[in-house]
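Each chain is listed here by its residues.
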Amino acid sequence: MQYLLTLYSDESGWERMTPEQQKQGVAAYQGYSEALKSAGVYVGSNRLRPSSTATTLRATEGKTQVLDGPFVDSKEKLGGYYLIDVPDLDAALSWAGRCPGVQHGTVEVRAIWSM
Amino acid sequence: MHQQPHEILDGVVRSSRAKLVAFLAAGSGDLAAAEDALSEAFATALVAWPKDGCPANPEAWLLTVARRKLIDAVRRQREIASSEELEELATSMTADPEHGFPDQRLALLFACAHPAIDPVARAPLMLQAVLGLDAAQIANAFLVSPAAMAQRLVRAKIKIRDTRIPFRVPDRDELPERLDTVLNAIYACYAEGWSEAAGADPVRMELAAEAIFMGRLLAELIPDEPEAWGLLALMLFAEARRPARRNAAGEFVPLMQQNCTQWDGQMIAEAEAALRRASGAGVIGRFQLEAAIQSAHTDGLLRGRVEWSAILRLYDALVQLTRSPVAEINRAMVLAEVDGPQAGLYALDWVRTDKRVNEYQPYWAVRANLLARAGKSDEARHAYGIAIGLEREPAVRSYLQQLCEKLRD
């Protein structure tokens, strides 16, 4: 079954990091991606641009409105995702637990509705 | 004596229900579908057995029918289920029913108490899956509306199915943590059953018995885990004293004033045996310590001499292990027996740094008791007032009122 791991964190944390720390941060995610790939469970992943660049759409009275900014205005913002394919929720949780995102934010695990 | 078909069915339901549900759920990953299929099989048996006679192996008959119903249901429900998927489902539940089938009850308990399940749904889920109680009965026991409980159960079962929560016993390295959630859920069932006045509500008294049943089952399935025996011992010690918790007039009787001859000696013996079995493993844990405290109280009261300093040492260990404010409150009460009420009050002041105790009746009752013994009647009266306001059980409330009225100015 496929599971989507969505990564939420406080974006200002990244801005406060020194270039050296940022390099280490990127390396941690690269290492994690490599581990997923070598285990044969990796399907896809992406890092998102900051939420200040987000645009939100919703229909009001039949008219689609385009709004500047993210959908949920919370301190922790959606920053990226991993899509993995593993046998069950325990396996998904075990991989999610190794994600560097857990150390500096929140990781949400969702099962994919297979069509 | 010749048994009627429905009597045989009742017997199989009682003895094999959990095993059948566990096997079907583990095979399909769908607890709700497994329960439904089994109910249909029971209904089919009620019609078929009186007509055709009872099968030689009723359990195997039920499993065969339930398995067929389950596969049919999955086929209907997932219109697009591939033939491979259905075949996989059929093979996953292939067992030769005539020669028994694997016992997946432990896997079922771990799935029900999975960390991904809402904590308040875990104990109800176990009661339903293992014992077959319906949502209304469970709702009654947990003091929530039947609709809310039904929704809670449905939501948990959908999560098990759709996110594929596995039916398996965790590996050695994650077992301690995962076992904790199972033990806590069983203890939550027991606590719900214990809180009600003796005899006042049969459903809730039954709940305590069902929790003990699950505790026994767990200990038998994982006999090497000392905490499973510790939990069983703890529940049995408490249950053994149930008849003495109320006097003939239905009034609350505190532990120290109970008539020991009303305790269930056989149950106490079983509790002691479970506790010995736990301590044989040489690994201490929360439930073993709590059971050891109960054992010390029971033994002391039976012999007419309570060893308070030994009990205090057990509480010291419990507080250190759990950092639980509840344990600290009880420890303060025991400390007062050893070093006097003022020492107990100092300990309570420390507990109060945890704001949650402000709404916890035992904190105020213990505080009132210690204040009264320290000669501070006015403060004691105030504390009793809050304890009375927080108590929901009428018998305990009127006991606290009596204590308050007896205070000297």
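Because the structure is a prediction, the values reported are computed rather than measured.

Caption draft 1: Focus on the overall build of chain B. Scanning chain B from terminus to terminus reveals 19 helices and zero strands. Referenced to the eigenvectors of the C-alpha coordinate spread, the extents of chain B come out at roughly 80 × 50 × 45 Å. Contacts in chain B between residues far apart in sequence, at least 24 positions, make up 62% of those at least 6 positions apart.

Caption draft 2: Molecular detail of the interface of chain A and chain B. Taken together, the six residues of chain A in the interface contact six residues of chain B. Per-element tally for the side of chain A that touches chain B: the top contributor is helix α3 (residues 89-98) of chain A, with three residues. Split by residue class, the side of chain A that touches chain B holds four nonpolar, no polar and two charged.

Caption draft 3: Layout of the sheet that holds strand β5 (residues 76-85) of chain A. All names here are of chain A. Taken together, four strands build an open sheet; the order of strands is β2-β5-β1-β6 and the sheet is antiparallel. Lying at the two open borders of the sheet, with one neighbouring strand each, are β2 (42-47) and β6 (105-111). The mean inter-strand angle of the sheet, taken between neighbouring strand axes irrespective of direction, is 20 degrees. Relative to β5, β2 is paired through five bridges, and the arrangement is antiparallel. Each residue of the ladder has a partner; that of Y42, found in β5, is I84. With respect to the sheet, helix α2 (residues 19-38) is in contact with β2 and β5, its orientation differing from that of β2 by roughly 165 degrees.

Caption draft 4: Region of the structure containing the domain arrangement of chain B. When the domains of chain B are assigned, the result is domain 1 (5-99), domain 2 (104-246 + 258-284) and domain 3 (323-409). Taking the mean C-alpha position of each, domain 1 of chain B and domain 3 of chain B sit 54 Å from one another.

Caption draft 5: Quick look at helix α5 (residues 105-112) of chain B. Counting buried residues in α5 of chain B gives seven out of eight residues, a clear majority hidden from the surface. Taken residue by residue, α5 of chain B has R105, A107, L108, L109, F110, A111 and C112 of chain B as its buried positions.

Caption draft 6: Quick peek at the nonpolar core. Residues and elements named next belong to chain B. In terms of nonpolar packing, the biggest core is built from 134 residues, with V21, L24, A66, L108, M126, I186 and A233 touching the most fellow members. With eleven residues, the top contributor of residues to this core is helix α11 (residues 226-240). Not counting the four nearest positions on each side in its chain, A66 is found in contact with L20, L24, A37, L38 and A41.

Caption draft 7: Quick peek at the packing of helix α14 (residues 308-322) of chain B against helix α15 (residues 325-339) of chain B. Residue and element names in this part refer to chain B. Where α14 contacts α15, the axes come no closer than 9 Å and their chain directions differ by 155 degrees. Here α14 is positioned roughly antiparallel relative to α15, judged by the angle of their axes. Relative to α15, the crossing made by α14 is left-handed. Here α14 contributes W308, S309, I311, L312, Y315, L318, V319 and T322 to the contact with α15, which in turn contributes A327, E328, N330, R331, V334, L335, E337 and V338. Looking at side-chain class alone, the contact of α14 with α15 contains ten nonpolar, three polar and three charged residues.

Rules used in this analysis
Residues numbered from 1 in each chain as written. Chains lettered and ligands numbered in written order. Predicted model: local features only at pLDDT ≥ 70, side-chain atom pairs only at ≥ 80, totals over all residues. Helix = DSSP H or I, 4+ residues; strand = E, 2+ residues; numbered from the N terminus. Contact = placed C-beta atoms within 7 Å. Nonpolar A, V, L, I, M, F, W, Y, C, P; charged D, E, K, R; others polar. Pairing = 2+ DSSP bridges. Axes fitted to C-alpha atoms, helices over the stretch in contact; angles between N-to-C directions. Domains from an automatic or database assignment. Buried ≥ 20, exposed ≤ 12 C-beta atoms within 10 Å, placed from the backbone. Core = buried A, V, L, I, M, F, W, Y, C linked by C-beta atoms within 7 Å. Parallel < 35°, antiparallel > 145°, perpendicular 65-115°, else oblique. Left-handed = near helix turned anticlockwise from the far one by under 90°.

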